[in-house]
Amino acid sequence: MIKFLDLQKINLQYKEEIEAKLLEVFRSGWYLMGGQLSKFEENFNHYTGCSHSIGVANGLDALRLILRAYIELGVMNKGDEIIVPANTYIASILAISDNGLVPVLVEPDLNNYNIDISKIEEKITSKTKGILIVHLYGRIIFSETLQQLAQKHSLKIIEDNAQAIGAEWNGSKSGNLGDAAGFSFYPGKNLGALGDAGAVTTNDENLAKTIRALANYGSNQKYVNLYQGLNSRLDEIQAAVLDVKLKYIDQENDIRRNIAKRYISEISNPKIILPESPENEKEHVWHVFIIRAENREALQAYLTDKGIQTLIHYPIPPHRQHAYKEWNEMSFPISEKIHQEVLSLPISPVMSDEEVQEVIRAVNTF
Ligand SMILES: *Cc1c(COP(=O)(O)O)cnc(C)c1O
């Protein structure tokens, strides 16, 4: 069987290095807020080009903390609106509503599955304070038009960079394009920990300081609490493992790019709509490889029968979830079409050429 993502195989690539780190942390007797975290944060600054990295417990917390810090700093107030793509993974939206902010959904572009920048301005009101862009499926969404729009309306650009670590726009890494970014190191992400983990990056020193305090019970100094904070920390074990894997992320992303290239050039079934690749290949790190088919369920069953595991990212749009039942009657036809037709093919840094070949053959014979 061809697994959608073989996490065991991915992590065993670095068996010696990771096992040595696990043992080192175990034996050190120091498990939180120590040298492994500060070393990873320093290397993460270097990698992303940002001046501040803050390790946190997971990707959702990273986004929640950014918005919460903007509220504490008086940049945003409860009831303010944040623009977000209608077809994102629900965590982006949860981070907004959890802070008492109002998510304003905008349709994606059917060609690249990212927010349609041309549809943002019509949604801006006097309450809009930010745009949460999501580099969905690993593809960067950014442009000078977006920058100018944010500037014109004094909006913060926050990147949900859970899926696009290592992607680049105009020579800058994702996570260093807007005002602040949230990363997820969930095991299945391109840079995955051995459990939950996340990070915030920013070049805004004041914001970084506020997030650091918020993630630590609202405190920058032991037993002195500035804010009603939370506990959201990246532990030493995860930091040490991520620090090992960070060295290999560019090479792993390149393998994903090569697989994507093969899929795009060799899948020739007219029933399949392939993803568009960006002009500059650096803008995509292929966290998932999305195809569309009108008869998606039949295609998935066919591939399962051929021993190929696929997933759907995502089957139900956020506005159709019970969690946001007040939106259930709203209509986002492009987003709904995407949710009905997408299917994710296996793509990973440990897939063999033969496995890639097998996926191509199976999709072409459907
Ligand atoms: C994974 C993901 C998150 C949440 O990250 P967790 O670490 O699972 O909390 C947020 N946004 C997007 C787009 C994601 O893919």
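Bear in mind the structure is a predicted one, so any value in this text is a computation, not a measurement.

A.B. asks: Teacher, can you tell me more about the overall build of the protein chain here?
C.D. replies: Along the backbone of the protein chain there are 12 helices and 11 strands. Its C-alpha atoms put the protein chain at 65 × 55 × 40 Å along the principal axes. Here the protein chain, with 366 residues, has 57% of them falling under the buried criterion. Within the protein chain, residue pairs in contact and separated by at least 24 positions form 70% of the contacts whose partners lie at least 6 positions apart. Surface exposure of the protein chain reaches about 16000 Å², of which carbon and sulfur atoms provide 49%.

A.B. asks: Is there a simple way to think about the site of the ligand in this case?
C.D. replies: In the vicinity of the ligand, the contacting residues are N58, G59, L60, Y89, A91, V134, D160, A162, Q163, S184 and K189. One of the backbone nitrogen or oxygen atoms of L60 is found 2.9 Å away from an oxygen atom of the ligand. For the ligand, the accessible surface in isolation is 380 Å², of which the surrounding protein chains cover 90%. Residue composition of the shell around the ligand, by class: 5 nonpolar, 4 polar and 2 charged.

A.B. asks: It is not clear to me how the environment of G100 should be interpreted in this structure. Could you clarify?
C.D. replies: Residue position: G100 is located in the loop between α5 (90-98) and β3 (102-106). By relative accessible area, G100 is classed as partly exposed at 32%. Separated by 33 residues in sequence, G100 and L67 have C-alpha atoms that sit 9.8 Å apart. Here G100 is in contact with K78 and G79, once residues within four sequence places are set aside.

A.B. asks: Help me out: how do you make sense of the pattern of salt bridges in this one?
C.D. replies: Here the idea is simple: oppositely charged side chains can pair when their charged atoms come close. Summed over all chains, the structure comprises 20 salt bridges. In this structure, the salt-bridge partner of K21 is E24, at a minimum N-O distance of 3.5 Å. Within this pair, K21 and its partner E24 are both found in helix α2 (residues 15-28), separated by 3 residues, close to a single helical turn. Exposure remark for K21: the relative accessible area of 18% places this residue in the buried category. For the salt bridge of E297 with R296, the shortest nitrogen-to-oxygen distance reads 3.1 Å. Looking at E297, the relative accessible area reads 47%, which means it is partly exposed. Via salt bridges that share partners, D61, R64 and D98 belong to a single interconnected network.

Each value, and the rule that gives it
- Residues numbered from 1 in each chain as written.
- Predicted model: local features only at pLDDT ≥ 70, side-chain atom pairs only at ≥ 80, totals over all residues.
- Heavy atoms only, no water.
- Helix = DSSP H or I, 4+ residues; strand = E, 2+ residues; numbered from the N terminus.
- Buried < 20%, exposed > 50% of the residue type's maximum accessible area, 1.4 Å probe, protein only.
- Contact = heavy atoms within 4.5 Å.
- Areas by Shrake-Rupley, 256 points an atom, 1.4 Å probe, with all protein chains shown as cover.
- Near = heavy atom within 4 Å.
- Polar contact = N/O pair within 3.5 Å; in protein donor to acceptor, adjacent residues only side chain to side chain.
- Nonpolar A, V, L, I, M, F, W, Y, C, P; charged D, E, K, R; others polar.
- Salt bridge = Lys/Arg side-chain N within 4 Å of Asp/Glu carboxyl O.

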